[in-house]
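Coordinates in review
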Amino acid sequence: MANAFPSGAQKESRYRRIQRFIGGHYLDFDVVALFVMRLFNFLATDYYLALDRTNWQWGGKNINILMLAVVYKGIAIPVYWLLLDKKGNSNTRERIALMKRFIRQFGKQSILALLADRECLSVKTGSSG
């Protein structure tokens, strides 16, 4: 954004200006999720959800994101995500929190299935008995 920002100032100054602007505003992620769901018309159809985690480094900073997305034409459209302040796998509590947030906002009636990799298989269950 700083590269495209129209100004005669140096790139670093434009970047700090954008940071100050964004830092002073609250972004409601439930509104963002609703926007994405409406944009792709997901509210009028059944869909698959995908739960996955990605991890990479940006300079010296570790970026670890747990993502809940709607599968659409072979790609995953992010709806909710959780920034994990740690290295490594997500835990059951974090995965459940994302699912609960989605269900609270959109219900579960249109979810065909949840797609996930082996990281999400370690689910604690109560004893039946």
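We now turn to the structure provided with this report. Since we're looking at a predicted model, the values are computed, not measured. The residue count restarts for each chain, going from 1 along the sequence in the order it is written. Under the rules for a predicted model, residues below a pLDDT of 70 receive no local features and side-chain atom pairs below 80 are neither given nor counted, while totals for whole chains, interfaces and linings still include all residues. For the side-chain quantities, the full set of heavy atoms in the structure was used; hydrogens and water were omitted.

With that settled, consider the overall build of the protein chain. A run of H or I in DSSP becomes a helix once it reaches four residues, and a run of E becomes a strand once it reaches two; helices and strands are each numbered from the N terminus. Secondary structure assignment for the protein chain yields 3 helices and 4 strands. Starting at the N terminus and ending at the C terminus, the protein chain contains elements arranged as α-α-β-β-β-α-β. Burial here depends on accessible area, computed with a 1.4 Å probe over protein chains only, as a share of the maximum for the residue type. Under 20% is buried, over 50% is exposed, and the range in between is partly exposed. For the protein chain, buried positions account for 29% of its 129 residues. The contact definition used throughout considers only heavy atoms, calling two residues in contact when any of these lie within 4.5 Å. Sequence-distant contacts in the protein chain: of pairs separated by 6 or more residues, those separated by 24 or more amount to 50%.

Spatial ordering of the open sheet is given by E3-E2-E1-E4, a layout of 4 strands whose pairing is mixed. The open sheet is flanked by strand E3 (75-83) and strand E4 (111-116), the only strands paired with a single partner. Recorded for the sheet is a direction-independent mean angle of 30° between the axes of neighbouring strands. Criterion used throughout: strands pair if DSSP finds at least two bridges between them. With 5 bridges joining them, strand E1 (residues 47-58) and E4 adopt parallel strand pairing. Bridged to Leu-49 within E4 is Leu-114. Each axis is a line fitted through C-alpha atoms, taken for helices only over the stretch in contact, and angles between the N-to-C directions span 0 to 180 degrees.

All right, on to the side chain of Ser-90 then. In this structure, Ser-90 sits in the loop between E3 and helix H3 (92-106). Setting aside chain neighbours within four positions, we find Ser-90 in contact with Arg-53, Leu-66, Leu-84, Arg-95 and Glu-119.

Take it as geometry only, folks, not as evidence of what the structure does.
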